[in-house]
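Spelled out from the first residue to the last, the chains are:
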Amino acid sequence: MTDVTPAADRPDRASARPAAALGAPLVVVQNVQKHYGDFQALTDVDLTVHKGEVVVIIGPSGSGKSTLCRTINRLETITSGSITIDGKELPAEGKGLAQLRADVGMVFQSFNLFAHLTILENVTLGPIKVRGLKKADAEKEAMQLLERVGVAAQASKLPAQLSGGQQQRVAIARALAMHPKVMLFDEPTSALDPEMITEVLDVMIELAASGMTMIVVTHEMGFARKAANRVVFMADGRILEEAEPDQFFTNPQSDRAKDFLSKLLTH
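What you are looking at is a predicted structure, and each value in this text was computed from that prediction instead of being measured.

A. Representation of the overall build of the protein chain. Looking only at helices and strands, one finds nine helices and ten strands in the protein chain. Considering the protein chain as a whole, with its 267 residues, one finds that 54% of them fall into the buried category. Across the protein chain, every contact between residues at least 6 apart in sequence was considered, and the portion connecting residues at least 24 apart equals 67%. By element, 51% of the accessible surface of the protein chain is carried by carbon and sulfur atoms, the whole surface being about 12,400 Å².

This is the structure:
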């Protein structure tokens, strides 16, 4: 059943984690609507993510999860509403948008590495071109990041020479090289074979433990239980429910969430 409670009457979703444990608001989505022609992909979406918080967005296919994720760095433009990153509203285009995107790391399900560049070159490209880092400094930092995600030995190879799990870890290192304020993950393990999923989730869990602000769209409920400060449940382009993981998985409030979780548990 769709939540039709007026926004003013809903409980404060951000209070799912104790206020004292949260940093300042970093990503603020307010009354966002997104239309594709006559189809409304997002309806009245409000979401505040605080510094150091890990928010996992789950829900059935077609619920608007990935669309919401992609609006946060303006890969998708919104129809109305507002999105701010660290107090700054997303610019429509130009240098301002490029600069703001540098603050928002993005990891896609399909890796999106440059096939003709080595792993090291993939990671250093952004810092050199966008941040203006000297090549030697960019390479030094890139190697540290590749070491952190466990693929430093692959630095001189091309993406096609790596497994899917290795490529996704490179994609995480590439995003981290830009020193983002927040990391977006859009179903980062959905294109991976089962044995590769764990190696990517382990890197993400370490990243969450380090204090990185993360917004993660995923079907990996184990990751949500282990790493999330808050679970956001979406259906039909709306946020229907938000809660701490233990509360959400043991006592979901909305009928849609109960139905979603029951299907996960029985299949």
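Back to the text.
B. A look at the sheet that holds strand β1 (residues 25-36). With antiparallel pairing, the four strands of this open sheet are ordered in space as β2-β1-β4-β5. What marks the edges here is a single partner per strand, and that holds for β2 (39-50) and β5 (88-89). Here two bridges tie strand β4 (residues 80-85) to β5, and the two strands are oriented antiparallel to one another. Across the sheet, Thr84 pairs through a bridge with Glu89, a residue of β5.

C. Main features of the side chain of Arg169. If you trace the backbone, Arg169 turns up in helix α5 (residues 164-176). When sequence neighbours within four positions are dropped, the list of residues in contact with Arg169 reads Val149, Gly150, Val151, Glu199, Val200 and Val203.

Reading guide: rules and limits
- Counting from 1, residues in each chain are numbered in the order their sequence is written.
- Where local features are concerned, this predicted model is filtered to residues with pLDDT of at least 70; where side-chain atom pairs are given and counted, the filter is 80 or more; whole-chain, interface and lining totals use all residues.
- Side-chain figures throughout are based on the complete set of non-hydrogen atoms in the structure, without hydrogens or water.
- Each helix corresponds to a stretch of at least 4 residues labelled H or I by DSSP, and each strand to a stretch of at least 2 residues labelled E; elements are numbered beginning at the N terminus.
- Per-residue accessibility, obtained with a 1.4 Å probe over protein chains only, is compared with the maximum for each type, and a residue is labelled buried under 20%, exposed over 50%, and partly exposed between these values.
- The contact criterion used is simple: two residues touch if any of their non-hydrogen atoms lie within 4.5 Å.
- Each accessible area is a Shrake-Rupley estimate made with a 1.4 Å probe; only the visible protein chains count as cover when residues are assessed.
- When DSSP finds two or more bridges between two strands, those strands count as paired.

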